[in-house]
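Working through the structure, step by step
Residue-level listing of the chains:
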Amino acid sequence: LLEVKREDEDALLKICRTKAHQRGLPMTVVDAEYQFDRNKLTFFFEADTRIDFRELVRDLFSIYKTRIWMQQLDKGGGTVDSK
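About the criteria used
Residues numbered from 1 in each chain as written. Predicted model: local features only at pLDDT ≥ 70, side-chain atom pairs only at ≥ 80, totals over all residues. Heavy atoms only, no water. Salt bridge = Lys/Arg side-chain N within 4 Å of Asp/Glu carboxyl O. Helix = DSSP H or I, 4+ residues; strand = E, 2+ residues; numbered from the N terminus. Buried < 20%, exposed > 50% of the residue type's maximum accessible area, 1.4 Å probe, protein only. Phe/Tyr/Trp six-rings, centres within 6.5 Å; stacked < 30°, edge-to-face > 60°. Lys NZ or Arg CZ within 6 Å of the ring centre and 35° of its normal.

1. Let's talk about the pattern of salt bridges
Under the definition given, this model contains nine salt bridges. The partner of Arg-6 in a salt bridge is Glu-9, with the nearest N and O atoms 3.0 Å apart. Of this pair, Arg-6 and Glu-9 both sit in helix H1 (residues 2-22), separated by three residues, roughly a single helical turn. Given the relative accessible area of 32%, Arg-6 is considered partly exposed. Salt bridges sharing partners connect three or more residues here, namely Lys-5, Arg-6, Glu-9, Asp-10 and Asp-31.

2. Concerning the packing of aromatic side chains
What the rule picks out here adds up to one aromatic pair. Between Phe-45 and Phe-53, the aromatic rings sit 5.7 Å apart at their centres with planes inclined by 70°, giving edge-to-face as the arrangement. Accessibility expressed as a relative area gives 1% for Phe-45, which makes it buried. Over the ring of Tyr-34 we find Arg-38; its NZ or CZ atom is 4.5 Å from the centre of that ring. Lys-40 extends its terminal NZ or CZ atom over the ring of Trp-69, reaching a point 4.9 Å from the ring centre.

Here it is in structure tokens:
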């Protein structure tokens, strides 16, 4: 069950990276994680500046129909509140 979840998350990561690139967002999506009940999908990303990712979230929601959370990571490996 966990292996299937990890495979799904790898596919999600690729799609999010593609969508971010298509929108020209200066960010690097580094990980994707489903909440175990699949009610929330978190994408972790790195960026040097503040990113307006609202359109990206709309794109992802239209595909996955679940709550999308974008979490910015700082360069030191910690997290920064982003949404």
